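Each chain is listed here by its residues.
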Amino acid sequence: MASILPEEYEWGICISHDVDHLGHKEHRFWEIIEFWVTCSIEVLRLRRSILSYLKVIKNSFFTKKDSWDCVHEMCELDFKNSIPSTFFFAMNPGIGLKYDRDQAREKVKTIPFNFEVGVHGQFQDNEKEIKDEYATLYNMLHRRPRGIRMHYLKTHPNMLKLLKTAGYEYDTTELDKSGGLKQAYKTPEGIVEIPVHLMETYLFSPFYENLKLEKAIEKVEALIQKAKQDRKIINIIVHQRSLSEDLPRQRQFYQWLVERVSKDQKCWKANCMKIAEKVNGNQNT
Ligand SMILES: [Zn+2]
């Protein structure tokens, strides 16, 4: 398939934000403790200062504004840097994801119109639930949702067929670990698949790569060079909570990333919907 990158650009980036948390409140206390444990492992592995750890504990109890709710700040930062990102909101709870539909609805209402909102799906093989999630976001947005990403990137052999039947145009759940930047394509089910190349969790979690900020930047910079060389689009997930002061490496990484791409006039800033439109446009011509 021909490249979907507009001619005037050298490479592209598609940034999306999975919304796994809206705040501390929706979680049980033991789930907050789990977060503290992860943070304490980071301290032991020299990836977090003691001061930052103490702030995490403090923020679990005493913040005027919940430190895990970064949706507004994320929108402002993306807008300032001309990033038209996609936010994926859950319509049902899932693993470690505890906010409900009413909370999702209130938050979805605050997302400015220039961003895209999609479904953070919880069901891979349940036609009724998949249709219900689609209809629920349709009701919240008053326009049809275009795409979906499954929580934890879970898939199922029937999934794409069910997503297509429900009305979705694209899915962005496939994880491409090849390093070759697999590009968006139309599947036999008739849905656009936009493979994911990078997720900030893999870079920074003490249970995955646990990189220092400089190493993470080096890794992404190498990927950008690869994208430039092959005229490709990088698809990256950065969770909305990653702008929290509770996650300083993730926050600094994202601030670096948006500044890096916004300064680059040869970088096409897309969201998932724009990519799906391009793939479908290319198919029709
Ligand atoms: Zn998720």
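Preceding this section is the structure that the text describes.
Residues numbered from 1 in each chain as written. Predicted model: local features only at pLDDT ≥ 70, side-chain atom pairs only at ≥ 80, totals over all residues.

Engineer: An account of the overall build of the protein is needed here, citing residue identities and associated values.
Structural biologist: If you tally the helices and strands in the protein, you get 10 helices and 10 strands. Relative to the compact-globule value of 19 Å for 285 residues, the protein shows a C-alpha radius of gyration of 19 Å, a close match. The buried share among the 285 residues of the protein stands at 40%. (Helix = DSSP H or I, 4+ residues; strand = E, 2+ residues; numbered from the N terminus. Rg over C-alpha atoms; globule rule 2.2 N^0.38 Å. Buried ≥ 20, exposed ≤ 12 C-beta atoms within 10 Å, placed from the backbone.)

Engineer: Account for the nonpolar core, with residues named and values stated.
Structural biologist: Phe-89, Leu-163, Ile-233, Ile-275 and Ala-276 are the most contacted members of the largest nonpolar core, which has 63 residues in total. Ignoring anything within four residues of it in the chain, the contact list for Leu-163 reads Ile-130, Ile-148, Tyr-168, Asp-171 and Ile-191. (Core = buried A, V, L, I, M, F, W, Y, C linked by C-beta atoms within 7 Å. Contact = placed C-beta atoms within 7 Å.)

Engineer: I'd like a description of the pairing of strand S3 (residues 116–121), backed by residues and values.
Structural biologist: Of all 6 residues in S3, 6 are buried; the element is thus mostly enclosed. Where strand S2 (residues 86–89) and S3 come together, 4 bridges link them in parallel fashion. From the neighbouring strand, Phe-87 faces S3, where its bridge partner is Val-117. Following the chain from S2 across helix H4 (residues 101–108) to the adjacent parallel S3, one finds a crossover that is right-handed. By the bridge criterion, 3 bridges tie S3 to strand S4 (residues 147–150) in an arrangement that is parallel. Across the sheet, residue Val-119 finds its bridge partner in S4, namely Ile-148. With helix H5 (residues 127–141) bridging S3 and the parallel S4, this β-α-β connection has right-handed handedness. (Pairing = 2+ DSSP bridges. Right-handed = clockwise from strand over helix to strand, strands pointing away.)

Engineer: Break down the packing of helix H1 (residues 29–44) against helix H2 (residues 50–61) for me, citing the residues and quoting the values.
Structural biologist: A pair of packed helices is captured by two measures, namely the crossing angle of their axes and the spacing between those axes. Interhelical geometry of H1 versus H2 gives an angle of 175 degrees and a closest axis separation of 10 Å. As summarised for this structure, H1 and H2 are arranged roughly antiparallel, according to the angle between their axes. In this structure, H1 contributes Ile-32, Trp-36, Cys-39, Ser-40 and Val-43 to the contact, and H2 contributes Ile-50, Tyr-53, Val-56, Ile-57 and Ser-60. (Axes fitted to C-alpha atoms, helices over the stretch in contact; angles between N-to-C directions. Parallel < 35°, antiparallel > 145°, perpendicular 65-115°, else oblique.)

Engineer: Could you give me a rundown of the pairing of S2, with the residues and numbers involved?
Structural biologist: Burial along S2 is two-sided: Thr-86 and Phe-88 facing one way and Phe-87 and Phe-89 facing the other are all buried. As paired strands, strand S1 (residues 11–19) and S2 are joined by 4 bridges and run parallel to one another. Residue Val-19 lies in a different strand from S2, and its bridge partner there is Phe-89.

Engineer: Could you give me a rundown of the environment of His-17, with the residues and numbers involved?
Structural biologist: By the element assignment, His-17 lies in strand S1. Residue contacts for His-17: discarding those within four places in its chain leaves Met-74, Ser-85, Phe-87, Val-238, His-239 and Gln-240.

Engineer: Outline unusual backbone geometry, supporting the account with residue identities and numerical values.
Structural biologist: Residues other than glycine seldom take positive phi values, yet His-142 does so here, at roughly 60 degrees. When you line up the elements, His-142 lands in the loop between H5 and S4.

Engineer: Break down the environment of Glu-129 for me, citing the residues and quoting the values.
Structural biologist: Topologically, Glu-129 is positioned in helix H5. On the neighbour-count criterion, Glu-129 (17 C-beta atoms within 10 Å) is partly exposed. Here the alpha-carbon distance between Glu-129 and Leu-97, two residues 32 residues apart in the chain, equals 17 Å.

Engineer: Outline the packing of H5 against helix H6 (residues 159–166), listing residues and values.
Structural biologist: Relative to each other, H5 and H6 sit at 45 degrees, their axes nearing to 9 Å. For the element pair H5 / H6, the angle class is oblique. Once H5 is placed against H6, the crossing between them reads as right-handed. Contacts between H5 and H6 involve Glu-127, Ile-130, Lys-131 and Tyr-134 from the former and Leu-162, Leu-163, Thr-165 and Ala-166 from the latter. The residue inventory of the contact of H5 with H6, partitioned by class, reads 5 nonpolar, 1 polar and 2 charged. (Left-handed = near helix turned anticlockwise from the far one by under 90°. Nonpolar A, V, L, I, M, F, W, Y, C, P; charged D, E, K, R; others polar.)

Engineer: An account of helix H3 (residues 71–80) is needed here, citing residue identities and associated values.
Structural biologist: Every buried residue of H3 is listed here: Met-74, Cys-75 and Asp-78. For H3, the angular spread of buried residues about the axis comes to 100 degrees, placing them on one side. Packing partners of the buried residues in H3 comprise S1 and helix H9 (248–263). Positive backbone phi, approximately 55 degrees, marks Ser-82, located one or two places after H3. (Arc of directions from axis to C-beta.)

Purely geometric stuff here, so don't read any function into it on its own.
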